[in-house]
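# Inside the fold
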Amino acid sequence: QVRLVESGGGVVQPGGSLTLSCAASGRILSRYATGWFRQRPGKEREFVAAISGSGSSAYRADSMQGRFDISRDKANNTVYLEGSNLTPEDTAVYYCAADLDGIPESNSDDYDYWGQGTQVTVSS
């Protein structure tokens, strides 16, 4: 069992940046691929970024226009999502998820464990 806890959400001004953390307990997170997804109000959950268990490969949703980056800190068993140049359209609940097969995926159905999410609101 992997328990994932997201943190770092809050209110961000338009044009601002944020760093979200996904901390794992129960298992070593670097054994799994980790993805970040978000769900905007009234929308379906969408892929943001994912990273392999080793951290050697990562990719981001094209629709995010390079504004989000994902990284892994093995020592702290944590995966981060950094966002920049945020707009109100980035307002969402952001979730991290772990995929046991270690391959970063954009399909949420491939992920085995999910955190509870952290709210990000982009507003002036």
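Use the structure listed above.
In short, a report on the structure.

Calculation criteria
- Residues numbered from 1 in each chain as written.
- Predicted model: local features only at pLDDT ≥ 70, side-chain atom pairs only at ≥ 80, totals over all residues.
- Heavy atoms only, no water.
- Disulfide = S-S within 2.5 Å.
- Helix = DSSP H or I, 4+ residues; strand = E, 2+ residues; numbered from the N terminus.
- Pairing = 2+ DSSP bridges.
- Axes fitted to C-alpha atoms, helices over the stretch in contact; angles between N-to-C directions.
- Salt bridge = Lys/Arg side-chain N within 4 Å of Asp/Glu carboxyl O.
- Buried < 20%, exposed > 50% of the residue type's maximum accessible area, 1.4 Å probe, protein only.

In this section: unusual backbone geometry. If you check the backbone angles, Q65 has positive phi at about 55° while not being a glycine. If you check the backbone angles, N77 has positive phi at about 55° while not being a glycine.

Each disulfide consists of one covalent bond between the sulfur atoms belonging to two cysteines. Within this structure, the stated rule accounts for one disulfide. Here C22 engages in a disulfide with C96; their sulfurs sit 2.1 Å apart. Torsion about the S-S bond of the C22 and C96 cystine: about 65°, corresponding to right-handed handedness. With a gap of 74 residues between them, C22 in strand β3 (residues 18-25) and C96 in strand β9 (residues 92-99) connect regions that are remote in the sequence.

With respect to topology, four strands assemble into an open sheet ordered β1-β3-β8-β7, the strand pairing being antiparallel. Edge positions in the sheet fall to β1 (3-7) and β7 (68-73), since each has one partner strand and no second. Looking at each pair of strands side by side, their axes are set apart by 20° on average, direction ignored.

On to the pattern of salt bridges, then. All told, the structure shown has six salt bridges when counted by the stated rule. D69 is paired through a salt bridge with R60; the nearest N and O atoms lie 2.6 Å apart. Accessibility expressed as a relative area gives 35% for D69, which makes it partly exposed. Between D90 and R67 there is a salt bridge; the shortest N-O distance is 2.7 Å. Of this pair, D90 sits in the loop between β8 (78-83) and β9 while R67 sits in the loop between β6 (58-60) and β7, placing them 23 residues apart in sequence. Each member of the pair, D90 as well as R67, is classed as buried. Among the charged side chains, a network of salt bridges with common partners joins R38, R40, E46, R67, E89 and D90.

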